[in-house]
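Here are the chains, one letter per residue:
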Amino acid sequence: MLKLCVRHIRLYSSFCLLKAKYTLAFDKSSWKDRHQQRFFRTTVVSHNQIVQFKLSDIGEGITEVTVKEWYVKEGDIVSQFDSICEVQSDKASVTITSRYDGVIKKLYYNLDEIAYVGKPLVDIETDVLKDVASEEDVVETPAVSHEEQTHQEIKGHKTLATPAVRRLAMENNIKLSEVIGTGKDNRILKEDILNYLAKQTGAILPLSTKPKMIPSLPRTDPAHDKLEEKTPKIPTPISIPASIPIGVSGKDKTEALAGFQKAMVKTMTIALKIPHFGYCDEVDLTQLIKLREELKSVADARGVKLSYMPFFIKAASLGLLHYPILNASVDENCQNITYKASHNIGVAMDTGQGLVVPNVKNVQIRSVFEIASELNRLQNLGSANQLGTADLTGGTFTLSNIGTIGGTYAKPVILPPEVAIGALGKVQILPRFNSVGEVFKAQVMNVSWSADHRIIDGATMARFSNLWKSYLENPASMLLDLK
């Protein structure tokens, strides 16, 4: 009788600790009759269960990531959707969020250690239902596994979104049926919600409450002002402390390549197998600089920073309409050419984590202002190291504004599977002759093109460059081809 009563009390969650000593005198049948309903409900609950969070497949063939930051420590209490950690693959940084309410019991990795897909990240002690105890972590990233997708029936068709995305939409009173998904199978991503909000409000929404901003080096060259498209800004030079003897070296240090550096090794190894053709020219930006100054206040009033890069990007897109082979790709054996319908033009950015190349999607249907707005978004995300996989993949043509750091000409390397890239030098004030032989002051920028010589000849590259140059030297001419 005593053993049976103790067994029942353990299953009964409301009285398992507080009233155990008073139940020894209970009659078995009367106790069971009075509490049958609550006893039945508690039999499906498993208390204080340890759940292993495993790193889910985040897509793009990624099998390992680097743990960059922990947002929790052992003993912390977490709720659903709380951030657990930030990890970085060779393509993008993503945030892992919690699916459960509970207590962190164990962290499996230290900072900068490699975590592998399918292996545990943390242990959480939680009260969970048995039928969901085996579920894995939620990844706030454009590339999520099918097991973590949430299907909603909207207007007769399935809308794919993670719980975190649904929560973000609900908090901002957004109907998922009104948002166009850009992920695989039209999945709605976090970036899609933010883009939708930005279009509705005309503002740029930051993803991080604590962006990692680096102060910029003050500029004195007015011709080069506002041309900066790289993030973060160039840090102010730091003087060497007097306590460190100059010329005395320390020990050699060896460390494994990881993150974007590891990705660069792979990409550049493939790229240098491509026979590059180079072409260089100079562009007089005098008229464009005047136009940009006139439009700058209009863009500022709309909450968008207008630099010169949106004009460079739009002019490139107009040129690609006439020379579509430059917006193409070839297969590995160079037997087939795929002409890309979308102009997804990449912009090389120098971030604290290395070189990244996010791209502006569908430039051919965007206005200069829309391109500027999207560039602002990408720059903000780049500054906070929050660029997603969707921002970093799918590019068809690339521009690198190396001139913001310095230099005139460069030899850019093609980013496979693209077939062309351009590098923009710094703007210089130089003397030039006009049509009647008079000397005038011109604001000149040099451009260097590289193209895949297997499918692109020199004449095509030169003609494209001349057309792109004409749009920038006479910006009004772009109006004739805008749609």
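Provided above is the structure to which this section pertains.
Here's what I pulled together on the structure shown here. Note that the structure is predicted; figures quoted are calculated from it, not measured. (Residues numbered from 1 in each chain as written. Predicted model: local features only at pLDDT ≥ 70, side-chain atom pairs only at ≥ 80, totals over all residues. Heavy atoms only, no water.)

### Some points on the pattern of salt bridges
Thought 1: Summed over all chains, the structure comprises 11 salt bridges.
Thought 2: Between Asp-112 and Lys-68 there is a salt bridge, with its nearest N and O atoms 3.3 Å apart. Highlighted residues: Asp-112 in the loop between β6 (102-107) and β7 (114-116) and Lys-68 in strand β2 (residues 64-70), separated in sequence by 44 residues.
Thought 3: Of the charged contacts, one joins Lys-296 and Asp-300 as a salt bridge, the two residues approaching to 3.2 Å between their closest N and O atoms. Of the two residues, Lys-296 and Asp-300 both sit in helix α7 (residues 286-301), four residues apart, roughly one turn of that helix.
Thought 4: Looking at Lys-296, the relative accessible area reads 24%, which means it is partly exposed.
Thought 5: The network of salt bridges with common partners includes Glu-374, Arg-377 and Asp-391. (Salt bridge = Lys/Arg side-chain N within 4 Å of Asp/Glu carboxyl O. Helix = DSSP H or I, 4+ residues; strand = E, 2+ residues; numbered from the N terminus. Buried < 20%, exposed > 50% of the residue type's maximum accessible area, 1.4 Å probe, protein only.)

### Re helix α8 (residues 309-322)
Thought 1: When the terminal C-alpha atoms of α8 are compared, their 21 Å separation across 14 residues agrees well with the 20 Å that a helix rising 1.5 Å per residue should span.
Thought 2: Of all 14 residues in α8, 12 are buried, a share of seventy percent or more. (Expected span 1.5 Å × (residues − 1).)

### So, the packing of aromatic side chains
The description of two aromatic rings rests on the distance between their centres and on the angle between their planes.
Thought 1: Scanning the entire structure with this criterion turns up five aromatic pairs.
Thought 2: Ring centres of Phe-312 and Trp-468 lie 6.2 Å apart, and the angle between their planes is 50°; on these two criteria the pair is classed as tilted. Residue Phe-312 is found in helix α8, and its partner Trp-468 is found in helix α11 (residues 458-473); the two are separated by 156 residues along the sequence. Grouping residues by exposure puts Phe-312 and Trp-468 together as buried.
Thought 3: On the numbers, 6.2 Å between centres and 45° between planes, the contact of Phe-397 with Trp-449 is tilted. (Phe/Tyr/Trp six-rings, centres within 6.5 Å; stacked < 30°, edge-to-face > 60°.)

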